[in-house]
Amino acid sequence: MNGWLTVGLLVVSNIFMTFAWYGQLKLQQMKVITSSTPLIAVILLSWGIALFEYCFMVPANRYGFHENGGAFSLLQLKVIQEVISLMIFTVFTILFFRGEALHWNHFLAFCLLIIAVYLVFMES
């Protein structure tokens, strides 16, 4: 159960992370903020969103780490997090930034990520 809980927490965490890092670009496109909005205001907004990222990321890593009774090694946790992060970012980009297109090399990169997950879980 810890494995699925960890993955779920990582998904939620990465949704917040993506909005914290890239949401301000969409807000600028929507004219909610402008390029003249003080950078410190944008940073504080992002920090506010990122607080929720940490509220999910820290428990995900704590519950998921094998030394705490979780299902994953530290390297496995990181690779899972990176794959989830790129998947969430891709969905975010497709939904919110319609001008961004996926090309064959992006799909190849996703295939390589799947191979990376396989390799990190492979017994040595």
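The sections below set out a description of the structure shown in this document. Everything numeric here is computed off the predicted structure, so don't read it as measured data.

Across its full length, the protein holds four helices and zero strands. Secondary structure of the protein in N-to-C order comes out as α-α-α-α. Over its C-alpha atoms, taken along the principal directions, the protein stretches across nearly 50 × 35 × 20 Å. A buried classification covers 28% of the 124 residues belonging to the protein. Across the protein, every contact between residues at least 6 apart in sequence was considered, and the portion connecting residues at least 24 apart equals 72%. Total accessible area on the protein is roughly 8,500 Å²; 73% of this is exposed by carbon and sulfur atoms. Where the 5 positive side-chain charges of the protein centre and where its 5 negative ones centre are 17 Å apart.

A word on the nonpolar core. Leu9, Leu10, Met57, Ala60, Phe65, Phe72, Leu77, Ile80, Ile84 and Ile88 together form the largest nonpolar core, which totals ten residues. In terms of residues, this core owes the most to one element, helix H3 (residues 74-96), which gives four residues. Excluding anything up to four places from it in sequence, Phe72 contacts Gly3, Thr6, Gly64, Phe65, His66, Leu77, Ile80 and Phe121.

Taken together, the side chains of Ile15, Phe19, Val91, Ile94, Leu95, Phe96, Leu102 and Phe107 make up a nonpolar region of the molecular surface, amounting to roughly 660 Å² of accessible area. Contributions of two or more residues to the nonpolar patch are made by helix H1 (2-29) and H3. Counting residues per element, the nonpolar patch draws most heavily on H3, which supplies four residues. Relative to the helices and strands, Phe107 is located in helix H4 (residues 104-121). For Phe107, a relative accessible area of 48% corresponds to the partly exposed category.

Basis of the calculations
Residues numbered from 1 in each chain as written. Predicted model: local features only at pLDDT ≥ 70, side-chain atom pairs only at ≥ 80, totals over all residues. Heavy atoms only, no water. Helix = DSSP H or I, 4+ residues; strand = E, 2+ residues; numbered from the N terminus. Buried < 20%, exposed > 50% of the residue type's maximum accessible area, 1.4 Å probe, protein only. Contact = heavy atoms within 4.5 Å. Areas by Shrake-Rupley, 256 points an atom, 1.4 Å probe, with all protein chains shown as cover. Lys, Arg positive; Asp, Glu negative; His and termini not counted. Charge placed at Lys NZ, Arg CZ, Asp CG, Glu CD. Core = buried A, V, L, I, M, F, W, Y, C linked by side-chain atoms within 4.5 Å. Patch = residues over 30% accessible without salt bridge, like charges linked within 9 Å, V, L, I, M, F, W, Y side chains within 5 Å. Salt bridge = Lys/Arg side-chain N within 4 Å of Asp/Glu carboxyl O.

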